[in-house]
Amino acid sequence: MKARALASLAVASMVLAGCGILPASPQPAPSTYLPEPSPSEGDTPGALSPDGFTAAQRMTVRVRNIGCGFLSTGSGFALDAHTLVTNRHVVENAATVEVSTYDGRIIQAKAASTTTVADIAIVSTEQSLGAAFAVRAAADPVRGDVITVVGYPNGGRLTTASGVVLGASADPLGGAVGPVLASSVSIAPGSSGSPAFNEKGEVVGVIYAKNFSNQSFLVPISTLNTLLTEKSLLVPATDSCTT
Amino acid sequence: MGGTDEPDVVPSDVVTESIPVVPVRSPLRAWRFATVSLAVVVLFAIGLIAYLWTVSVRWQEHDDDLVASNYELGAQIAKQQAEIAKLEDSNSLLTEQLAASKDSVLALSNEKAQWDDDAAFAQLQVTTATKQLNQAITVSNQLARCAEGQDQLVGYLNEPGDFTTQQIADFATSVDALCQEARQAKQDLDESLTQ
């Protein structure tokens, strides 16, 4: 009897074990084999503009300084809808400051603030500058980083130029408190105030000078970030025609 | 075979160990067990075969569905590829048109900026010219008053009896101061015009 029970148990175990290796029925077929549409680059905010211009081109503006008996031009870029950054020397001695956008709109500047810490001016406007604004990098670029500068050299067409960061340097004009950055980007008068972008499209500096070796100099983004945090470092610019 | 020999026959009641009792198996029971076992095995095999048959049929149907879906998807892919090729052609054309449009926008924007610069510069020149014109009118008036004063002085000198020498000298001094102012104003105007 004992042997028979053991045999039955063994047979039952084998049957149960055998059930485990039996093939199963197929799963029900999916209703469709078509994949869900993935978001295209155009669906992400800021990836493409409605008119084909890049965000860098749309945020970069041409600055016209109409002084008392003189006229000069520079570049700048929008921080938000009513604030732009340019160089102090671009808006210096201005009676009127006008801003032109990439698509030809003219916007009057309302007020300007400058600082002695660096060649930076913050200009506010009544009208909106547009919908593309600068994303400021958290850290300064380092030697060898590729940068792209968008601006209006010689007061002409909106132009893009690339180069690399050559490293930190003392201010060749001697006005800046901290170090500035030298780069190999070729610029011209009128490029002053142009934003310099890294490969991620973040602003890493503001062009303000060049030397005879065709090297350009940037106010590093860390300086601009400090100025925007410490508002007390900015003072209102005065109208030169009243002085 | 002496008297001391042990007997050859052991009494039946002197048994040293018992013989185990083994039950005799009935051949009928064995056959019954075998039959039942075989029946169970056959039933199990029939069940297994039925299950495998069903599974096989289902896989076959699944396979047929997949083949049909593959043909359908293949047809869709071919159609989509043709559509993509067509759209790529359109995209290339539109990209070229967009690049041309962007170029035009930038060129027009630049032209507008230059015109605005010219207009602003012209306005500056108009302002400067207006300022210089006003300055010139002032100078002209001052020079006219100077000339008029000198004419009067010449008249007084030609008729010295009407005025005392002191009066004529005072008048000459005031005319001289007036003319000096006029000369200074003209000099300022000349400097302004040469800037």
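**Student:** Sorry if this is basic, but what is going on with the overall build of chain A here?
**Tutor:** For chain A, the helix and strand inventory stands at 4 helices and 13 strands. For chain A, the C-alpha radius of gyration of 31 Å lies well beyond 18 Å, the compact-globule estimate for 243 residues. Seen through its C-alpha atoms, chain A measures out along the principal axes to roughly 120 × 40 × 35 Å. Of the contacts made within chain A by residues no fewer than 6 positions apart, 61% connect residues no fewer than 24 positions apart.

**Student:** What's the story with the nonpolar core in this structure? I'm lost.
**Tutor:** When a protein is soluble and globular, its nonpolar side chains tend to lie buried together. Residue and element names in this part refer to chain A. One finds F77, V85, I120 and L224 to be the most contacted residues of the largest nonpolar core, which totals 55 residues. Ranked by residues supplied to this core, first place goes to strand β11 (residues 203–210) with 6 residues. Lining this core are residues from two domains, each supplying at least three of them: domain 1 (55–133 + 228–232) and domain 2 (146–222). In this structure, F77 is in contact with M59, T60, V61, T83, L84, V85, A134, G193, P195, V203, V206 and L224, ignoring residues within four places of it in sequence.

**Student:** Quick question: what am I supposed to make of the state of the cysteines here?
**Tutor:** Covalently bonding the sulfur atom of one cysteine to the sulfur atom of another cysteine gives a disulfide. Residues and elements named next belong to chain B. Considering all chains together, one arrives at 1 disulfide over all chains under this definition. One disulfide bridge connects C146 with C179, the sulfur atoms lying 1.8 Å from each other. Because the torsion about its S-S bond is 100°, the bridge between C146 and C179 counts as right-handed. Taken as a pair, C146 in helix α1 (residues 27–158) and C179 in helix α2 (residues 165–194) lie far apart in primary sequence, 33 residues in all. Here the two residues C146 and C179 agree in accessibility, since each one is buried.

**Student:** It is not clear to me how the interface of chain A and chain B should be interpreted in this structure. Could you clarify?
**Tutor:** Put simply, an interface is often sized by how much accessible area is lost when its parts join up. Listed as interface residues are 32 residues of chain A and, on the opposing side, 30 residues of chain B. Summing the contributions of chain A and of chain B, the shared interface buries around 2,600 Å²; its carbon and sulfur component is 64%. When the buried surface of chain A facing chain B is broken down by residue, A:P26, A:Y33 and A:R157 rank first, second and third, together holding 23% of it. A salt bridge links B:D103 to A:R157; the shortest N-O distance between them is 2.7 Å. On the surface where chain A and chain B come into contact, there are 13 residue pairs in polar contact (both at pLDDT 80 or more). Where the side of chain A that touches chain B is concerned, the elements lending two or more residues are α1 (2–20), β1 (60–67) and β2 (71–80) of chain A. Among the elements that take part in the side of chain A that touches chain B, β1(A) stands out by supplying 4 residues, more than any other. Residue classes in the side of chain A that touches chain B are distributed as 15 nonpolar, 11 polar and 6 charged.

About the thresholds
- Residues numbered from 1 in each chain as written.
- Chains lettered and ligands numbered in written order.
- Predicted model: local features only at pLDDT ≥ 70, side-chain atom pairs only at ≥ 80, totals over all residues.
- Heavy atoms only, no water.
- Helix = DSSP H or I, 4+ residues; strand = E, 2+ residues; numbered from the N terminus.
- Rg over C-alpha atoms; globule rule 2.2 N^0.38 Å.
- Contact = heavy atoms within 4.5 Å.
- Core = buried A, V, L, I, M, F, W, Y, C linked by side-chain atoms within 4.5 Å.
- Buried < 20%, exposed > 50% of the residue type's maximum accessible area, 1.4 Å probe, protein only.
- Domains from an automatic or database assignment.
- Disulfide = S-S within 2.5 Å.
- Buried area = accessible area lost by both parts, 1.4 Å probe.
- Salt bridge = Lys/Arg side-chain N within 4 Å of Asp/Glu carboxyl O.
- Polar contact = N/O pair within 3.5 Å; in protein donor to acceptor, adjacent residues only side chain to side chain.
- Nonpolar A, V, L, I, M, F, W, Y, C, P; charged D, E, K, R; others polar.

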